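Each chain, letter by letter, is given below.
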Amino acid sequence: MSRLSSEQQPVTEESHSPRSSTATSTSTPTPKPISTTTSTSTGTSTTGTVSASASAPATTTTTSTTTCTSSSSSVSFVAHASGTPSVNLDPLKPIFKSMTVASLGAGAADNSMRREMEKRGKLAVMPRPVGDDRVIKSVDIPETRALESGLLFCGEGDKPALGLLRNHLAKEGRLEKTAALKLIAMGTELLATEPNMLSIEAPVVICGDIHGQFYDLMTFMELAGSPSSNKFLFLGDYVDRGDFSTEVVFYLIALKINFPDSVFLLRGNHESRLMCEYMTFCVECEHKYDPEVYSAFAKLFDNLPLAALLTGNLHGPSLCMHGGLGPKINTLDDIRRISRFSEPPQEGPLCDIIWSDPVNEWDPSDPDFEDLTLEEWQKITFYENVPRHTSYFFGRAAIEPFLQRNGLACIIRGHQVQDLGYMQHFFGVTERALPMVYTVFSAPNYCDQYGNMGALMRYTSTHIGLEQFQSVPHPYNLPDFIDCFTYSLPFMLEQIVMILQKLVIQMRDMGPDLSPEEQAADDDLRMKCQKLFAASQRQRAKVDVIKRAVASYTQKMSQFKRVLQLDMANEAAPRPVRITKKPSLKRNSSAVF
């Protein structure tokens with residue numbers, strides 16, 4: 001690769017300068033303002049205005065920064081709005097072109113280059129056909145060529161070429177099976193050497209749940225900066241729900257391999273066989289690759305660390321994990337002693353650290369607190385997490401002693417979708433400099449339905465900053481990644497049956513007179529059809545009544561709350577017997593939004 005021209009060299013991570021998260025310049029046309037409201041650790045509210053426009057160029061970024069200062073801390077909030085992430089896809093063309101036989105001349109130098117590339121196995125990529133008969137030419141052609149090992153592992157020290165991989169995945173390209181397995185194996189070997197609890201010195205950028213939203217991950221990386229100059233901590237839940245989970249994991253593994261001391265990955269509850277087979281990741285792997293690749297991913301998930309201890313902040317250390325606390329997690333050593341290299345069980349510390357949730361903030365109008373006083377709510381330690389079907393809710397009486405016992409300032413977690421992209425859990429204590437718990441969620445417009453913001457956290461030596469960003473457009477896939485013909489078969493068969501019914505009725509009317517026996521049978525069949533039609537109408541009427549009742553019940557709710565309520569079943573831990581055909585928000589055409 002060293003003999004290629006400079007314009008043909010693979011794109012590296014450093015070659016893309018990140019967008020500044022504090023830029024304040026605005027470009028034309030005049031964007032439509034979006035207002036976001038945030039609150040500081042002292043409880044005061046501040047409003048910032050973000051400018052966004054659907055017609056703005058893809059590279060246009062506008063942010064507004066508001067810094068809220070208390071006597072002991074400074075917490076900044078930056079709102080970010082953008083269109084399609086400005087991923088430069090053009091460098092992919094000369095790279096692939098330079099690897100084709102047709103692009104290599106017959107000269108002595110070119111023949112020498114060709115022999116060198118053949119020796120390194122880099123002539124497997126074929127040129128794209130010239131013809132383009134697509135109806136909508138503004139949509140980029142998906143990359144149909146698999147990225148093979150010789151091209152992927154051409155970085156320094158045979159590491160993955162980040163720029164090439166990112167651009168290839170952004171064009172919906174896939175990896176050759178041997179390349180995919182090699183990349184996963186390298187990531188598994190590296191993760192296996194790390195302890196249950198990582199130690200990370202500030203500053204660090206923290207990312208919450210991603211859930212297969214690869215194109216939003218690209219926005220996140222542009223906003224946060226390059227791993228060459230920033231540390232990154234990902235809190236888990238990289239897969240399921242979104243249609244680009246394999247792309248997310250491949251890219252994060254490549255980041256980890258290239259920057260082992262700057263990129264850190266934790267395990268979430270979706271990084272398990274139970275969730276992957278109940279949700280969408282297993283189906284996605286088998287559609288894009290095969291069961292062997294899925295098994296390699298599952299093994300990689302078993303090696304992910306469980307927590308991270310952040311140090312260097314003036315308020316003291318902070319503990320990061322995906323879920324939260326459990327009754328058997330009393331000290332940091334309890335986390336260090338967990339045997340993590342296995343499928344998470346349905347109970348115990350390994351289950352709790354990836355599944356538990358903090359109790360909701362006190363609200364007298366909340367039905368969950370109907371029979372509880374404020375004093376009783378503040379005394380909650382743990383109680384069963386019924387919506388999740390596993391683990392616990394933990395309250396102030398559990399989290400406050402845990403922080404004091406271990407000398408921690410706060411806990412930073414993911415696991416729960418948030419309308420603003422983040423949540424600060426004070427547990428009724430307003431005199432603290434920081435909330436006891438932060439929740440960070442980095443999948444904006446979750447499941448393409450929630451309409452929520454995404455957020456990231458900047459954890460530095462002097463403050464904790466929260467930045468918001470919006471979702472970007474992405475390619476669409478049909479449910480379970482089926483093709484258009486298979487998807488249309490039920491509708492086609494329904495129309496064919498209707499045509500045949502009309503033909504039979506018409507032929508019967510034009511035929512000879514029926515005998516008494518045939519006429520009786522025909523009348524009996526007609527009566528049965530009428531009864532079936534009447535039953536169908538009654539069932540449809542019942543469905544309409546339910547729809548109207550749901551619409552009336554949820555009409556005062558925001559879109560986020562309506563979707564959260566309708567989608568609650570998919571956020572719970574499945575029992576093994578339920579892993580057959582599961583409900584999906586994407587398939588729920590009767591949902592009222």
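Scroll up for the structure.
Residues numbered from 1 in each chain as written. Predicted model: local features only at pLDDT ≥ 70, side-chain atom pairs only at ≥ 80, totals over all residues. Heavy atoms only, no water.

A. Broad picture of the packing of helix α7 (residues 245-258) against helix α9 (residues 281-288). Two elements in contact, α7 and α9, have axes whose closest approach is 9 Å; the angle formed by their N-to-C orientations is 85 degrees. Classed by the angle they form, the pair α7 and α9 counts as roughly perpendicular. Packed against α7, whose contacting residues are S245, T246 and E247, the element α9 presents F281, E284, C285 and K288 at the interface. (Axes fitted to C-alpha atoms, helices over the stretch in contact; angles between N-to-C directions. Helix = DSSP H or I, 4+ residues; strand = E, 2+ residues; numbered from the N terminus. Parallel < 35°, antiparallel > 145°, perpendicular 65-115°, else oblique. Contact = heavy atoms within 4.5 Å.)

B. Focus on the packing of aromatic side chains. Taken as a whole, this structure holds 18 aromatic pairs when the rule is applied. Considering the side-chain rings of F214 and Y215, the 5.5 Å spacing of their centres and the 80 degrees angle between planes classify their relative orientation as edge-to-face. A relative accessible area of 9% places Y215 in the buried class. Pairing F382 with Y392 gives two aromatic rings, centres 6.1 Å apart and planes at 70 degrees, and the pair type is edge-to-face. With a gap of 10 residues between them, F382 in strand β12 (residues 382-384) and Y392 in strand β13 (residues 392-394) connect regions that are remote in the sequence. By relative accessible area, F382 is classed as partly exposed at 26%. A residue is classified by how much of its surface remains accessible, and Y392, at 31% relative accessible area, is partly exposed. The rings of F250, F281, Y289, Y294, F297 and F301 are connected pair by pair, giving a single aromatic cluster. Geometry around F153 places K182 over its ring, the cationic atom sitting 4.4 Å from the centre. (Phe/Tyr/Trp six-rings, centres within 6.5 Å; stacked < 30°, edge-to-face > 60°. Buried < 20%, exposed > 50% of the residue type's maximum accessible area, 1.4 Å probe, protein only. Lys NZ or Arg CZ within 6 Å of the ring centre and 35° of its normal.)

C. Structural detail: unusual backbone geometry. Put simply, A202 and P203 share a cis peptide bond, and its omega is 5 degrees. Mapped onto the secondary structure, P203 falls in the loop between β5 (197-201) and β6 (204-207). The phi torsion at R241 lies on the positive side, around 70 degrees, for a residue other than glycine. By secondary structure assignment, the location of R241 is in the loop between β7 (232-234) and α7.

D. Spotlight on the pattern of salt bridges. Inspection of the entire model under this criterion finds 15 salt bridges. A salt bridge links R145 to E143, with the nearest nitrogen and oxygen atoms 2.5 Å apart. In this structure, the salt-bridge partner of R388 is D357, at a minimum N-O distance of 2.8 Å. With R388 in the loop between β12 and β13 and D357 in strand β11 (residues 357-358), this pair connects stretches of sequence that are 31 residues apart. Pair check on accessibility: R388 and D357 agree, each one buried. In the salt-bridge network here, residues are joined through shared partners; they are R267, R273, D302 and E343. (Salt bridge = Lys/Arg side-chain N within 4 Å of Asp/Glu carboxyl O.)

E. Summary view of the sheet that holds β12. Pairing is mixed across the open sheet formed by three strands, whose spatial order is β11-β13-β12. Among the strands making up the open sheet, the edge pair consists of β11 and β12. Relative to β13, β12 is paired through three bridges, and the arrangement is antiparallel. Note on β13: the bridge partner recorded for E384 is Y392. (Pairing = 2+ DSSP bridges.)

F. Inspection of the environment of L564 at higher detail. Its location among the elements puts L564 in helix α17 (residues 559-566). Owing to a relative accessible area of 31%, L564 belongs among the partly exposed residues under this scheme. For the pair L564 and D419, spaced 145 residues apart in sequence, the C-alpha separation works out to 9.9 Å. What L564 contacts, discounting residues up to four positions off in sequence, is V417 and Y450.

G. Layout of the state of the cysteines. This structure, assessed with the given rule, holds zero disulfides. No disulfide involves C320; its sulfur sits 7.6 Å from the nearest other cysteine sulfur, which is in C410. Among the residues examined, C320 registers a relative accessible area of 0% and is labelled buried. (Disulfide = S-S within 2.5 Å.)

H. Region of the structure containing the sheet that holds strand β9 (residues 307-311). Strands sit in the order β5-β9-β10-β14-β16-β15 across an open sheet of six strands; the sheet is mixed. Two strands lie at the open edges of the sheet, namely β5 and β15 (422-425), each paired on one side alone. This sheet shows a mean twist of 20 degrees between the axes of neighbouring strands, independent of strand direction. Sheet topology places β15 next to strand β16 (residues 437-440); four bridges connect them, and they run antiparallel. Its bridge partner being in β16, H425 is matched across the sheet by V437. Strand contacts of helix α14 (residues 396-406): β10 (318-321), β14 (410-413) and β16, with the helix running at about 115 degrees to β14, the strand carrying the most contacts.

I. Focus on helix α4 (residues 162-170). Among the nine residues of α4, nine are classified as buried, and the element is accordingly described as predominantly covered. E172 occupies a position one or two residues after α4 and carries a positive phi of about 65 degrees.

J. Focus on the nonpolar core. The biggest cluster of nonpolar side chains holds 60 residues, and the ones touching the most others in it are L217, F220, F234 and Y238. With nine residues, the top contributor of residues to this core is α7. Excluding residues within four positions of it along the chain, Y238 makes contact with I210, H211, G212, S245, V248, V249, L252, L265, L266, E271 and L304. Judged by nonpolar contacts, the second largest core, of 36 residues, contains M197, M279, A307 and L408. (Core = buried A, V, L, I, M, F, W, Y, C linked by side-chain atoms within 4.5 Å.)

Just distances and angles here, no functional claims.
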